[in-house]
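Structure at a glance
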Amino acid sequence: MQKSDKTGACPKLSRIHHSNYPFGIPGVGMITRTLEAPDDLMMAADPGQILRVSVAMVRRLARDGRLLFTGTVGGGRLFRRADVERLALDRQTDRSARSGAP
């Protein structure tokens, strides 16, 4: 293990230009970021963040048929990103129509 200098930075890492790694330094807590595909599958918490609702509400939307899902062997639900984004757009359109109504 390398010793750090007085600033606490590891000498080996201090030579790396951090601007070349916008999402972190490879091998040192790097956050990987990929393009999001419409067929990405998500657990209930992720659609909740996109829709800005609780996980319980995501489950309710799925149970009511407003949000399509695929069941897992363990009883969980997986949601396609495209379906979640479509529902988010529908909810936004509904909200704007209600706010603009006389």
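This text goes with the structure placed above it.
Residues numbered from 1 in each chain as written. Predicted model: local features only at pLDDT ≥ 70, side-chain atom pairs only at ≥ 80, totals over all residues. Heavy atoms only, no water.

Re the sheet that holds strand β2 (residues 70-71)
Short version of the rule: The pairing criterion is simple: DSSP has to find at least two bridges between the two strands. Per the convention used, a helix needs a DSSP run of H or I reaching at least four residues, while a strand needs a run of E reaching at least two, with both numbered from the N terminus. By definition, residues are in contact when any of their heavy atoms lie within 4.5 Å. For helices, the fitted line uses only the C-alpha atoms of the stretch in contact; every axis is such a line through C-alpha atoms, and the angle between N-to-C directions lies from 0 to 180 degrees.
The 3 strands lie next to each other as β1-β3-β2, forming an open sheet whose pairing is antiparallel. Each of the sheet's edge strands pairs with one partner strand only, and the pair in question is β1 (41-42) and β2. Relative to strand β3 (residues 77-80), β1 runs antiparallel, the two sharing 2 bridges. Residue pairing across strands places Met42 opposite Phe79, the latter belonging to β3. Of the strands in this sheet, β1 and β3 are in contact with helix α4 (residues 81-100), which crosses β3 at around 70 degrees.

Let's talk about α4
Because an α-helix completes one turn every 3.6 residues, residues spaced three or four positions apart along the sequence face the same direction. As a reminder of what qualifies: Expected helix span is given by 1.5 Å per residue-to-residue step, counting one fewer step than there are residues. For each residue, the accessible area found with a 1.4 Å probe, counting protein chains only, is set against the maximum for its type, and the residue is called buried under 20%, exposed over 50%, and partly exposed in between.
In a regular helix each residue adds 1.5 Å, so 20 residues correspond to 28 Å; α4 covers 29 Å between its end C-alpha atoms and thus fits that length. Among all positions in α4, only Arg81, Ala82, Asp83, Val84, Leu87 and Arg91 are buried.

Some details on the side chain of Arg81
Tracing the chain through its elements places Arg81 in helix α4. When near neighbours in sequence (up to four residues on either side) are disregarded, Arg81 contacts Glu36, Ala37, Pro38, Asp40, Met42 and Ile50.

A word on the pattern of salt bridges
A side chain of one charge can pair with a side chain of the opposite charge if their charged atoms are brought near each other. Let me state the cut-off plainly: Salt bridges, as used here, are contacts in which a Lys or Arg side-chain nitrogen is within 4 Å of a carboxyl oxygen on Asp or Glu.
Evaluated as defined, the whole model comprises 5 salt bridges. With a closest N to O distance of 3.7 Å, Arg81 and Asp40 form a salt bridge. You can see Arg81 sitting in helix α4 and its partner Asp40 sitting in the loop between α1 (11-14) and β1, a full 41 residues away along the chain. A network of salt bridges, in which partner residues are shared, links Asp39, Arg80, Asp83 and Arg86.

Some words on the nonpolar core
To keep things clear, this is the line we draw: Side-chain atoms within 4.5 Å link the members of a nonpolar core, which is a set of buried Ala, Val, Leu, Ile, Met, Phe, Trp, Tyr and Cys residues.
Within the largest apolar cluster, 11 residues are counted, these being Met42, Ala44, Leu51, Val53, Val58, Leu61, Ala62, Leu67, Phe79, Val84 and Leu87. When residues of this core are traced back to their parent elements, those giving at least two are α3 (55-63) and α4. The element that contributes the greatest number of residues to this core is α3, accounting for 3 residues. Not counting residues within four places of it along the chain, the set of residues in contact with Leu67 comprises Val58, Leu61, Ala62, Phe79, Asp83, Val84 and Leu87.

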